[in-house]
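Coordinate analysis (summary)
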Number of protein chains: 2
Amino acid sequence: MQLPKQVMIKEVGPRDGLQNEKTHISTADKVQLVNLLGQTGLNYIEVTSFVHPKWIPQLADAVEVLQAIKRHKDITYAALVPNMRGLERALQAEVDEVSIFMSASESHNQSNINKPIEDTFPILKEVVVGAKAAKKHVRGYISTVIGCPYEGYIHPDKVLRVTEKLLEMGVTEISLGDTIGVGVPTQVEFLLEELLKRYPAEKFAMHFHDTRGTALANIIKSLEMGMTKFDSALGGLGGCPYAKGASGNVATEDVLYLFDEMGIETGIDRQKVLEAALFIEEKLGKAVASKQMAIVRNERSANQR
Amino acid sequence: MQLPKQVMIKEVGPRDGLQNEKTHISTADKVQLVNLLGQTGLNYIEVTSFVHPKWIPQLADAVEVLQAIKRHKDITYAALVPNMRGLERALQAEVDEVSIFMSASESHNQSNINKPIEDTFPILKEVVVGAKAAKKHVRGYISTVIGCPYEGYIHPDKVLRVTEKLLEMGVTEISLGDTIGVGVPTQVEFLLEELLKRYPAEKFAMHFHDTRGTALANIIKSLEMGMTKFDSALGGLGGCPYAKGASGNVATEDVLYLFDEMGIETGIDRQKVLEAALFIEEKLGKAVASKQMAIVRNERSANQR
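Predicted model only: the values in this text are computed from it and were never measured.

Some points on the overall build of chain A
Assigned secondary structure in chain A consists of 12 helices and 10 strands. On C-alpha atoms alone, chain A measures out to a radius of gyration of 18 Å, which is about the 19 Å that the 2.2 N^0.38 rule sets for 305 residues. Over its C-alpha atoms, taken along the principal directions, chain A stretches across nearly 60 × 45 × 35 Å. Counting across all 305 residues of chain A, residues that qualify as buried make up 61%.

What follows is the structure in structure tokens.
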């Protein structure tokens, strides 16, 4: 197996995780969560979203959270930005990096952004231009890169089309999202073969959801294809509100177990991520979905017997 | 990716799954479970265990279950047999195939079988000779082939040592068990490289537990190494009572999702396996651990809203 010595994990739990949780998390708890994550060795944390609170009420305190967290100089604190109004607020809150988003599938884009793909590009371009004028890098999320809840399998051609446009705009990195967690390694391989014919691996991060248990298998295949950047969310939080049956992001601590055991460096302390996951689990008042956390709970209840 | 066109799934849920479940399942329900599994297209079902009921009270009705199930001529109905007394009962119940078991790690063997590895061989040999005299194939389980709850990482040399002995005795197939679900693909690759230097792939089946979410990744790596036989348990039932924190076998329906989406034939109807999983979930009175079943539950609750 040809594997990289080192990979980078981008923590998206505070945003992609919490945005779909119904239990209200206070601003102070969000700040503490980000601060706990800041002590784990992570270099990238997506903190919040500037999508209108009407759509994501959980993250209505985006400005307050970004302003209250304790910043570390080695960490990039990013936020999701849908449009110019969002960008304004994000810059006001001194975000380090901006993430824009759209879908590879027409119907998911319509459902999620309320616009056809073609009409989404100009809105995002404005954000990219504005962010770059403010000297911020922009990351581009592409959702439904393998499967769409409405259209089924998505051919790499559709991902290529959106990739091309986003890179032309000046996006520095693309996060390829298997938003509803339907992908299997053969599909990941096919998608990456097509993308890597045109672009270097460094342009992409992989964003898997573990809805069908295939996330770690897809990460292994991605590693073998030369990918070294992976999104994950502590506790396996999150999902997609528009995708029925979709459960959470692949859990950071599960990804860390895999990398740690394979001798691939991440620079992240798994134990400290588990402490952050325990913190948010308590605040959410429900068992989070990661395998590592299930083991922690089992061990605790065994010790109490 | 070099993949086989076709694989064989061996269902171990009624034995390896139920043996660790505390909720009592009636003989009639076990029979119905096996009969439901018999309609899915599976060719191999491990029905029960002839380990002394003192150790596994859940399966004390092994003879009754084997005698009451509806047999299909294309299906091998197997059972676990620890010794000559167990073999006698298994043959009386007209089992099709016998499974013996031991561990690659000394301390797990001691804990599970209450004997050192060397003292286990003669007992198993007697069973193999007896089973073959009755014209039954014998399958050999090796537990803890990657990690042991007491000793940590297990080197392939220890697996080779037990493999050699079991094959010498006349075992027709060896099931390699990552009993506590600690394995990652690099370890699976190293183990199989060592084994395949000496033996053909057909001699082995892979038996993964999904305790740390790595089972499907390990199955993919095994497929790439030429393996075509996989054990799994509907609903992800089971675990290991001697291994703290160990959760269940990889779920048959999750493995089927992976194979179905990758275009690898199994001959098994995933929907029918889900029906059997729903049946046993109801009898156990708790949510089973498979990803596919979580999706079924999500969809049902969404439809009820």
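Back to the write-up after that little detour.
Points about the environment of B:Leu87
Residues and elements named next belong to chain B. Relative to the helices and strands, Leu87 resides in helix α4 (residues 84-92). Owing to a relative accessible area of 2%, Leu87 belongs among the buried residues under this scheme. Spatially, the C-alpha atoms of Leu87 and Val127 are 6.6 Å apart, while their sequence positions differ by 40 residues. If near-sequence neighbours (up to four positions away) are discounted, Leu87 is found in contact with Val81, Val98, Val127, Gly130 and Ala131.

Remarks on the layout of surface pockets
All names here are of chain A. Within this model, the second largest pocket holds a volume of roughly 970 Å³. Forming the walls of the second largest pocket are 41 residues, and the residues nearest its centre are Val51, Trp55, Ile56, Phe101 and Asn112. Elements with a minimum of two residues in the lining of the second largest pocket: α1 (13-17), α4 (84-92), α5 (106-113), α6 (117-133) and β5 (137-143). Here the element with the most residues in the lining of the second largest pocket is α5; it accounts for four residues. For the lining of the second largest pocket, the per-class residue count stands at 17 nonpolar, 17 polar and seven charged.

Looking at the relation of the copies chain A and chain B
You can overlay chain A on chain B at an RMSD of 0.0 Å; the transform is a turn of 180° with a shift of 0.0 Å along its axis. Taken together, the rotation and translation describe the operation of a two-fold axis. In terms of proximity to the rotation axis, the leading residue of chain A is A:Ala217, whose C-alpha is 1.9 Å off the axis. With an isologous cut-off of 70% or more, the 100% of interface residues of chain A that recur at the interface of chain B puts this contact in the isologous class.

Things to note about the packing of aromatic side chains
Counting across every chain of the model gives four aromatic pairs over all chains. Judged by centre distance (5.6 Å) and plane angle (55°), the rings of A:Phe230 and A:Phe259 are tilted. One end of the pair, A:Phe230, is in strand β10 (residues 229-232); the other, A:Phe259, is in helix α10 (residues 252-261), with 29 residues separating them in the sequence. Taken as a pair, A:Phe230 and A:Phe259 share a single burial class, namely buried. On the basis of an interplanar angle of 70° and a centroid distance of 6.2 Å, the ring pair of B:Tyr199 and B:Phe204 is categorised as edge-to-face. Across the pair, exposure class does not vary: B:Tyr199 and B:Phe204 are buried alike. One cation-aromatic arrangement involves A:Lys10 over A:Tyr44; the distance from NZ or CZ to the ring centre is 4.2 Å. The cationic tip of A:Arg139 hangs over the ring face of A:Tyr141; the distance from NZ or CZ to the ring centre is 5.2 Å.

Focus on the nonpolar core
The nonpolar side chains of a soluble globular protein tend to be buried, and buried together. A:Leu166, A:Ile219, A:Phe259, B:Leu166, B:Ile219 and B:Phe259 are the most contacted members of the largest nonpolar core, which has 200 residues in total. Discounting chain neighbours no more than four positions away, the residues touching A:Leu166 are A:Ile100, A:Met102, A:Leu124, A:Gly140, A:Ile142, A:Val171 and A:Ile174.

A short note on the interface of chain A and chain B
Opposite the 31 residues of chain A that make contact, chain B presents 31 residues. Each partner contributes to the roughly 2800 Å² buried at the junction of chain A and chain B, and carbon and sulfur atoms together form 61% of this total. Between chain A and chain B we count four salt bridges in total. A salt bridge links B:Asp210 to A:Lys291, with the nearest nitrogen and oxygen atoms 3.5 Å apart. Here chain A and chain B share eight residue pairs in polar contact (both at pLDDT 80 or more) between them.

Structural notes on the pattern of salt bridges
Pairs can form between side chains of opposite charge once their charged atoms are near each other. Residues and elements named next belong to chain B. Across all of its chains, the model carries 40 salt bridges over all chains by this definition. We note a salt bridge from Arg15 to Glu46, for which the minimum N-O separation is 2.6 Å. You can see Arg15 sitting in helix α1 (residues 13-17) and its partner Glu46 sitting in strand β2 (residues 44-49), a full 31 residues away along the chain. Note on accessibility: Arg15 and Glu46 belong to one class, buried. Note that Arg139 and Glu173 form a salt bridge whose closest N and O atoms lie 2.9 Å from each other. Taken together, the positions of Arg139 in strand β5 (residues 137-143) and Glu173 in strand β8 (residues 173-178) put the pair 34 residues apart, joining distant regions of the chain.

Re helix α2 (residues 27-37) of chain A
Listing the buried residues of α2(A) in full gives A:Asp29, A:Lys30, A:Val31, A:Leu33, A:Val34 and A:Leu37. Where α2(A) is buried, its residues contact β1 (8-11), α1, β2 (44-49), α3 (62-68), β3 (76-80) and α11 (270-284) of chain A.

So, the confidence of the model for chain A
Per-chain confidence: chain A averages 95 in pLDDT, with 96% of residues scoring 70 or above. Interface confidence for the predicted complex, given as ipTM, is 0.95, next to a pTM of 0.96.

Digging into the side chain of B:Ser175
Mapped onto the elements, B:Ser175 comes out in strand β8. Filtering out sequence-adjacent residues up to four positions away, B:Ser175 remains in contact with B:Arg139, B:Gly140, B:Tyr141, B:Ile142, B:Ala205, B:His207 and B:Asp231.

Regarding the packing of α10(A) against α11(A)
Residues and elements named next belong to chain A. Relative to each other, α10 and α11 sit at 165°, their axes nearing to 10 Å. Looking at the two axes, α10 sits roughly antiparallel to α11. Along this stretch, α10 crosses α11, giving a crossing that reads as left-handed. From α10, Thr252, Glu253, Leu256, Tyr257 and Asp260 reach across to α11, where they touch Arg270, Val273, Leu274 and Ala277.

So, empty space enclosed by the protein
Residue and element names in this part refer to chain A. The full count for this structure, using the stated rule, is two cavities of 30 Å³ or more. In this structure, the largest cavity occupies an estimated 50 Å³ of space. If you go around the largest cavity, the residues you meet are Pro14, Leu18, Lys30, Val34, Val47, Thr48, Leu59, Asp61 and Val65. Mapped by element, the contributors of at least two residues to the lining of the largest cavity are α2 and β2. Among the residues forming the lining of the largest cavity, the class breakdown is six nonpolar, one polar and two charged.

Calculation rules
Residues numbered from 1 in each chain as written. Chains lettered and ligands numbered in written order. Predicted model: local features only at pLDDT ≥ 70, side-chain atom pairs only at ≥ 80, totals over all residues. Heavy atoms only, no water. Helix = DSSP H or I, 4+ residues; strand = E, 2+ residues; numbered from the N terminus. Rg over C-alpha atoms; globule rule 2.2 N^0.38 Å. Buried < 20%, exposed > 50% of the residue type's maximum accessible area, 1.4 Å probe, protein only. Contact = heavy atoms within 4.5 Å. 1 Å grid on protein atoms, 1.4 Å probe; cavity = no way out; pocket = protein on both sides within 12 Å on 5 of 7 lines; lining within 4 Å. Points joined across faces, edges and corners; volume = space filled by probe spheres on them. Nonpolar A, V, L, I, M, F, W, Y, C, P; charged D, E, K, R; others polar. Least-squares fit on C-alpha atoms with pLDDT ≥ 70 in both. Phe/Tyr/Trp six-rings, centres within 6.5 Å; stacked < 30°, edge-to-face > 60°. Lys NZ or Arg CZ within 6 Å of the ring centre and 35° of its normal. Core = buried A, V, L, I, M, F, W, Y, C linked by side-chain atoms within 4.5 Å. Buried area = accessible area lost by both parts, 1.4 Å probe. Salt bridge = Lys/Arg side-chain N within 4 Å of Asp/Glu carboxyl O. Polar contact = N/O pair within 3.5 Å; in protein donor to acceptor, adjacent residues only side chain to side chain. pLDDT = per-residue confidence, 0-100. Axes fitted to C-alpha atoms, helices over the stretch in contact; angles between N-to-C directions. Parallel < 35°, antiparallel > 145°, perpendicular 65-115°, else oblique. Left-handed = near helix turned anticlockwise from the far one by under 90°.

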